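Listed below, chain by chain, are the residues.
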Amino acid sequence: MSSKIGDWVNERSGWRNHYAAIFLRKIPKINWLYTLGSATLFTMTLQFATGILLTLYYVPEPTQAHASVDYITNELTFGWLIRGLHHWGSSAMVLLVILHMVRVIAYGAYKYPREATWFSGVALLLLTFSFGFTGYLLPWDQRAYWATVVGTRIGEVTPFVGGSLKSVMLGGEEISGLTLTRFYGAHVWILPAVLLVLVGIHMYLVIRNGITAVPKRNE
Amino acid sequence: MNDDADLPKADHADSSLTDPAAQGESVSRLDADTQPDEDPQLDAKGISRRQMLTRSVAVMGGAIAAGVGIPAIFYVAGPAAEDSGTAEWIRLGAASSVEPGTPTLMKANVERRSGYLTSTEELSVFVTTENGTSFEALSNVCSHLGCRVRWVDEQDGFFCPCHNAVFNADGTVASGPPPRPLDQFEVKVEESQIFIKGIA
Ligand code: HEM
Ligand code: FES
């Protein structure tokens, strides 16, 4: 990137310093397992892109939700692809985030000075699950309905606050149009906003602390 | 990393802005900072491992972006290509209700499909006849920017309130900005009922 435009922008923004800090930083000799975090990040980007596209047609309203999903999948050009990517991407992301965490555990990468990275990671794990849970209701079919019944009843057994937790999640005593709109709002606004902030913090900490080396047996 | 390193200081701003050598230097200094300590290993064509990797990442990233991006264009544009117009004859009403010499506004409900939704829309059409046997049907949508025109007896023309256009009784433009006459529908009379077909 030593093009004239790059120079022009660099002179006014100093972006090359940041580019270097992010992408050209020194790292120890590592292996493919260290790509799992980046793979999660990539899936997240894909989820954002395809999710935004889905909102162009999806309608979070009880009489239309399923019809709109059906239209996306069966009638719209490439609708099956966009929805399919988002659908399978969500499972891939859950899988990748868990594998990434397992690598961090296996290599002891959560230790000083990376505890904060780990904590932000725990929040990201919960967020990833929340995305899956709220997104699952949106197609508004039998499976979606009963999964949410079961999911919110699991929430209900939380000590002390379980009852109110369930009614807040459902927006009432049972699943209704209000549940659908709040799951939608959470899925497309609240969770993405929080996710972006936390990913920012997580990545900042990863770059700031540097990446761990592969632990050796005799250390 | 020090952000300020690259910003020209006030006293030598001129030289660092105009002297290409000064700029080139600051860039290569940055590269030197971040390059691995070993000499870059060049292959026969003089491409370093880093360049090779950067390029492959760019190519793969481009391929993935195109793989999602190109279908996305079709996905977004999809319904625009769908034909929502009506290919069927629409019944407007009795031919006898059209007064010879005066355009008569007739209405019909049409079903319109957009995506998975069908909605009923009211279609308004000016029907004209001179002799009570042959009929013409004019759209009431102004050919300028789509406001609704109305018939004004005193002016013997259609008037569009949006930009003061006037159309003659046959739909041609009398004055104002519209680029073409009012659109016409195909008309047929069956069992003394008027039917129209065409643009909607
Ligand atoms: C949306 C979810 C997540 C994303 C996008 C993400 C992304 C990343 C990336 C790109 C790295 C760089 C190193 C690598 O890839 O292994 C990293 C490192 C790290 N992540 Fe995550 N991560 C996520 C979730 C988690 C979770 C669930 C945990 C643990 C609870 C976690 C803990 C850590 C720690 C401790 C490091 C530092 C590892 C080291 O220095 O070797 N992350 N993360
Ligand atoms: S829209 Fe009718 S004159 Fe402009």
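Residue positions are given per chain, counting from 1 as you read along its sequence in written order. Written order decides the labels, with chains lettered from A and ligands numbered from 1. Only residues with pLDDT of at least 70 get local features here, since the model is predicted, and only at 80 or more are side-chain atom pairs given and counted; chain-wide, interface and lining totals rely on the full set of residues. Values reported for side chains reflect all heavy atoms of the structure, with hydrogen atoms and water molecules removed beforehand.

**A closer look at the domain arrangement of chain B**
It is common to give the size of an interface as the accessible area that goes away when the parts come together. Throughout the structure description, domain borders are defined by an automatic or database domain assignment. When cut into domains, chain B gives domain 1 (47–82) and domain 2 (87–199). Placing a centre on the C-alpha atoms of domain 1 of chain B and another on those of domain 2 of chain B gives a separation of 48 Å.

**Observations regarding the packing of aromatic side chains**
Ring pairs shown here join Phe, Tyr and Trp side chains whose ring centres sit within 6.5 Å, with only the six-membered ring taken for Trp; geometry is labelled stacked below 30 degrees between planes, edge-to-face above 60, and tilted in between. Inspection of the entire model under this criterion finds 14 aromatic pairs over all chains. Geometrically, the ring pair formed by Y58(A) and Y184(A) is tilted, given 5.5 Å between the ring centres and 35 degrees between the ring planes. With Y58(A) in the loop between α3 (36–55) and α4 (65–74) and Y184(A) in helix α9 (residues 177–209), this residue pair connects regions lying 126 residues apart in the sequence. A ring pair is formed by Y145(A) and W146(A), whose centres lie 5.0 Å apart and whose planes are at 75 degrees; its orientation type is edge-to-face. Among the aromatic residues, ring-to-ring pairing joins Y57(A), Y71(A), Y75(B) and Y116(B) into one connected group. Over the ring of F195(B) we find K188(B), and its NZ or CZ is 5.4 Å from the ring centre. Secondary structure is summarised from DSSP: a helix means a run of H or I of at least four residues, a strand means a run of E of at least two, and numbering begins at the N terminus for each. Counting as a charge over the ring demands two things of the Lys NZ or Arg CZ atom: a distance within 6 Å of the ring centre and an angle within 35 degrees of the ring normal.

**Some words on the coordination of the iron atom of ligand 1**
All names here are of chain A. The protein atoms that coordinate the iron atom of ligand 1 are H100 (NE2) and H202 (NE2), at distances of 2.0 to 2.1 Å. For Na, K and Ca the donor cut-off is 3.2 Å; for every other metal, N, O and S atoms count as donors within 2.8 Å. Water does not enter the count, which can leave sites looking incomplete. Working rule for geometry: tetrahedral if four donors all subtend angles between 85 and 135 degrees; square planar for four, octahedral for six, if opposite donors exceed 155 degrees and the others stay between 65 and 115; irregular in every other situation. Seen from the iron atom of ligand 1, its six donor atoms lie at angles of 85 to 179 degrees, and the figure they make is octahedral. Highlighted residues: H100 in helix α5 (residues 79–106) and H202 in helix α9, separated in sequence by 102 residues. The two residues H100 and H202 agree in class, both being buried. For every residue, the accessible area obtained with a 1.4 Å probe (protein chains only) is divided by the maximum for its type, and the residue is called buried under 20%, exposed over 50%, and partly exposed between those limits.

**Description of the sheet that holds strand β1 (residues 90–94) of chain B**
Residues and elements named next belong to chain B. If you walk across this open sheet you meet the six strands as β1-β10-β9-β4-β3-β2, and the pairing is antiparallel. Sheet topology places β1 and β2 (104–114) at the edges, where each strand pairs with a single neighbour. In this sheet, neighbouring strand axes are inclined to one another by 35 degrees on average, regardless of whether the strands run parallel or antiparallel. Paired strands, as defined in this entry, are two strands with at least two bridges between them according to DSSP. Examined bridge by bridge, strand β3 (residues 117–129) and strand β4 (residues 135–139) share five bridges and lie antiparallel to one another. Along β4, the bridge assignment pairs V125 with S139. In this analysis, axes come from line fits to C-alpha atoms, helices being fitted only over the stretch in contact, and the angle between any two N-to-C directions falls in the range 0 to 180 degrees.

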